[in-house]
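Here is what each chain is made of, one letter per residue.
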Amino acid sequence: MDMHKGSTETVVVGPSGLTPEQVLAVARNGARVELSDEAVRALAAAREVVDALAAKPDPVYGVSTGFGALATRHIGPELRTRLQRNIVRSHAAGMGPRVEREVVRALMFLRLKTVCSGRTGVRPEVAQAMADLLNAGITPVVHEFGSLGCSGDLAPLSHCALALMGEGEAEGPDGVLRPVRELLAAHGLRPVELKEKEGLALLNGTDGMLGMLLAALADLRLLYASADVTAAMTLEALLGTDRVLAPELQAVRPHPGQADSAANMLAVLRGSEMTGRHQGDEPRVQDAYSVRCAPQVAGAGRDTLAHAELVAGRELAAAVDNPVVLPDGRVESNGNFHGAPVAYVLDFLAVAAADLASIAERRTDRLLDRTRSHGLPAFLADDPGVDSGLMIAQYTQAALVGEMKRLAVPASVDSIPTSAMQEDHVSMGWSAARKLRHVVDHLARVVAVELVAASRALELRRTATGLAPAPATRAVVEAARAAGVEGPGPDRYLAPDLEAAAAFVRSGGALRAAEAVTGPLR
């Protein structure tokens, strides 16, 4: 049973040129992996350089020396295979829960990408074995703790390299854990014996944190656009004004993310009979900040996303290893394995996402408060007092936001020296990435709760006033109902509605429903 069974996509790995979409196709969708002829030639050429150095008496780091603080010892030819095997075994020292399958596949594939650059000195047959492992759907067990984001994601990558050697445990394509040697045999694969530099080259990269960054960027792009949709729905349900979304107002402060967010909200609200009205004789000159400043906050997050995408693109184009085989044949030690560039943007994204969640929660609370909702029933309940409506849904949303704020505390400002002070400053980028995955998951739930509240508020408002919502917001409400998110009525078991809404948001359902009316949003 192949991981890629049912997937028709094949990703061809060359010395350069992979895209984030290709990484996620392998990580999430089980796309098949093949090595290009150019990659095989690059691998062979770099290996010739390493073999030539290994034959010389002079010590070369990673080829004929120990590692880290033990790099001062020269290792003779008779011990070098053992040296490479030992570095993998000793560094496969992770602890804690298993990380997700897509994360392991991403880091395996990204390491293969770097190996195929021809800058690591790994033999073509080792690279092919890495591709075979991915294509067989064999996913090594990688643990939560073990990477400090410097010298690469050492323990996570070591657990993957251990599987190439036929050791450790892995999950098969059927999702069952087995000894790696059994899985290799079942797929007609053989363990690899590593030679000079290969063990080190398989461990020394930022692949885990980069893989999680690429996944988060894809998810956050969807969630930011979905949050524009739910913000527009809340503005409409509160009878707010869409005049603040005018393009000329965004041009006065030319942040591109703000302009995109405002344009999305304006498109979603086009044709609404509810916007710009007020209740009774009291004019409303300005809406609350959580409504009026939605594009400014979401837009700042979008600009943070754009910066993170720039960094991710650069890292994806990199060949991170130490030492590295240069085009002129030199093999040089370097510090390119330090994860700071990736760690910083992982933390930036967590901060921005937490703030987006914070403003969404404030809008939700406004919908539920009868003193600020301009005529909506308390907690959007059917019979307030007898029914509690969405009161506790907002509690849950607030709990999620509180957790996101705690997770937004940067990991990259921390550093704990290791390896007898040889590695005396580390990035903590893996930890930043692990935190961000929780933040992204929580953000989807926060946006989902706003969707539940705003859709209910729009239906109640229409029933009470006869005013029609915008065609796009009406389409989102109808799609949500079809997805299992029920509308107004007496109190019921609410958790299934919230989970259905979260699945609807994560799948892109809310965004697709809006875009069916508006056309593509930004």
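Predicted model, so just to flag it, every value in this text is computed and none were measured. (Residues numbered from 1 in each chain as written. Predicted model: local features only at pLDDT ≥ 70, side-chain atom pairs only at ≥ 80, totals over all residues. Heavy atoms only, no water.)

With respect to the overall build of the protein
When helices and strands are counted, the protein shows 19 helices and 9 strands. Since a compact globule built from 522 residues should have a radius of gyration of about 24 Å, the 27 Å found for the protein is in line with a globular shape. Over its C-alpha atoms, taken along the principal directions, the protein stretches across nearly 90 × 50 × 40 Å. Across the 522 residues in the protein, those meeting the buried criterion constitute 55%. (Helix = DSSP H or I, 4+ residues; strand = E, 2+ residues; numbered from the N terminus. Rg over C-alpha atoms; globule rule 2.2 N^0.38 Å. Buried < 20%, exposed > 50% of the residue type's maximum accessible area, 1.4 Å probe, protein only.)

As for the layout of surface pockets
Within this model, the second largest pocket holds a volume of roughly 290 Å³. Lining the second largest pocket are 17 residues, with Arg 28, Asp 219, Arg 437, Val 440 and Asp 441 positioned closest to its centre. Breaking the lining of the second largest pocket down by element, the ones donating at least two residues are helix H9 (207-237) and helix H16 (429-465). Ranked by residues supplied to the lining of the second largest pocket, first place goes to H16 with 7 residues. When grouped by side-chain class, the residues that make up the lining of the second largest pocket number 8 nonpolar, 1 polar and 8 charged. (1 Å grid on protein atoms, 1.4 Å probe; cavity = no way out; pocket = protein on both sides within 12 Å on 5 of 7 lines; lining within 4 Å. Points joined across faces, edges and corners; volume = space filled by probe spheres on them. Nonpolar A, V, L, I, M, F, W, Y, C, P; charged D, E, K, R; others polar.)

Observations regarding the packing of H9 against H16
Orientation of H9 relative to H16, taken along the N-to-C sense of each, is 20°, at an axis distance of 9 Å. Viewed along their axes, H9 and H16 adopt a mutual orientation that is roughly parallel. Seen along the crossing, H9 lies across H16 with a hand that is left-handed. Grouping the amino acids of the contact of H9 with H16 by side-chain chemistry returns 21 nonpolar, 6 polar and 6 charged. (Axes fitted to C-alpha atoms, helices over the stretch in contact; angles between N-to-C directions. Parallel < 35°, antiparallel > 145°, perpendicular 65-115°, else oblique. Left-handed = near helix turned anticlockwise from the far one by under 90°.)

Some words on the pairing of strand E1 (residues 10-13)
Here E1 shows a buried face lined by Val 11 and Val 13 and an unburied face lined by Thr 10 and Val 12. Between E1 and its parallel partner strand E2 (residues 32-35), the chain crosses via helix H1 (residues 20-29), and the hand of that crossover is right-handed. (Right-handed = clockwise from strand over helix to strand, strands pointing away.)

Structural notes on the nonpolar core
Among the nonpolar cores identified, the biggest contains 159 residues, and Phe 109, Leu 112, Leu 202, Leu 213 and Leu 443 are the most heavily contacted of them. For Leu 112, the contacting residues outside a window of four places in its chain are Val 13, Val 33, Leu 35, Ala 127, Met 130, Ala 131 and Leu 134. (Core = buried A, V, L, I, M, F, W, Y, C linked by side-chain atoms within 4.5 Å. Contact = heavy atoms within 4.5 Å.)

Description of empty space enclosed by the protein
Counting across every chain of the model gives 3 cavities of 30 Å³ or more. In this structure, the largest cavity encloses a volume near 90 Å³. Together, Met 108, Arg 111, Met 130, Leu 133, Leu 157, Cys 160, Ala 161, Leu 164 and Leu 202 line the largest cavity. Looking at the lining of the largest cavity, the elements that each hand over two or more residues are helix H4 (101-115), helix H5 (124-135) and helix H6 (154-164). If one sorts the elements of the lining of the largest cavity by residue count, H6 sits on top with 4 residues. Of the residues that constitute the lining of the largest cavity, the class distribution is 8 nonpolar, no polar and 1 charged.

Side note on H4
If you check H4, its first and last C-alpha atoms are 21 Å apart, about what 15 residues at 1.5 Å a residue would give, namely 21 Å. Counting buried residues along H4, 13 of its 15 residues qualify, which places the element largely inside the surrounding structure. (Expected span 1.5 Å × (residues − 1).)

Digging into the pattern of salt bridges
Under the definition given, this model contains 37 salt bridges. A salt bridge links Glu 102 to Arg 28; the nearest nitrogen and oxygen atoms lie 2.9 Å apart. Of this pair, Glu 102 sits in helix H4 while Arg 28 sits in helix H1; the two residues are 74 residues apart in sequence, bridging distant segments of the chain. Residue Arg 47 pairs with Glu 196 through a salt bridge whose shortest N-O separation is 3.5 Å. Here Arg 47, found in helix H2 (residues 37-54), pairs with Glu 196, found in the loop between helix H7 (180-186) and helix H8 (198-201); they are 149 residues apart in sequence, far enough to count as distant. What emerges from the salt-bridge pattern is a single network uniting Arg 28, Glu 100, Glu 102, Glu 144, Asp 219, Arg 434 and Arg 437. (Salt bridge = Lys/Arg side-chain N within 4 Å of Asp/Glu carboxyl O.)

A short note on the packing of H4 against H16
At a minimum axis separation of 13 Å, H4 and H16 run at an interaxial angle of 140°. In terms of their interaxial angle, H4 and H16 are classed as oblique. Seen from above, H4 lies across H16 with right-handed handedness. Contacts from Glu 102, Val 103 and Leu 107 in H4 reach Trp 430, Arg 434 and Arg 437 in H16. Of the residues contributing to the contact of H4 with H16, the split by class is 3 nonpolar, no polar and 3 charged.

So, unusual backbone geometry
In this structure, the amide linkage connecting Asn 322 to the following residue, Pro 323, adopts the cis form with an omega of 0°. Mapped onto the fold, Pro 323 is located in the loop between helix H13 (294-316) and strand E8 (324-325). Phi at Phe 379 is positive, roughly 60°, even though this residue is not glycine. Following the sequence through the fold, Phe 379 ends up in the loop between helix H14 (340-368) and helix H15 (391-407). Since its relative accessible area comes to 31%, Phe 379 is described here as partly exposed. For Met 428, which is not glycine, the phi dihedral falls at a positive 60°. Looking at the secondary structure, you find Met 428 in the loop between H15 and H16.

Thoughts on the side chain of Asp 387
The residue Asp 387 is located in the loop between H14 and H15 in this model. Buried charge Asp 387 goes without a salt bridge, the closest partner of opposite sign being Arg 456 at 8.1 Å. Once residues lying within four places of it in the same chain are set aside, the contact partners of Asp 387 are Ala 381, Asp 382, Pro 490 and Asp 491. (Lys, Arg positive; Asp, Glu negative; His and termini not counted.)

A short note on the sheet that holds strand E6 (residues 169-171)
Spatially, the 3 strands line up as an open sheet ordered E4-E6-E7, and their pairing is antiparallel. The outermost strands of the open sheet, each flanked by one partner alone, are strand E4 (139-140) and strand E7 (177-179). Where E6 meets E7, 3 bridges bridge the pair, whose relative direction is antiparallel. Note that in E7 the partner of Glu 171 across the bridge is Leu 177. (Pairing = 2+ DSSP bridges.)

Let's talk about the environment of Ile 138
Here Ile 138 is to be found in the loop between H5 and E4. Ile 138 sits 33 residues away from Arg 105 along the chain, and the two C-alpha atoms are 9.0 Å apart.

Description of the confidence of the model for the protein
Mean pLDDT over the protein works out to 94, with 97% of the residues at or above the 70 mark. Of the regions scoring below 50 in pLDDT, residues 1-6 engages in 20 contacts with residues more than four places distant in sequence or in other chains. (pLDDT = per-residue confidence, 0-100.)

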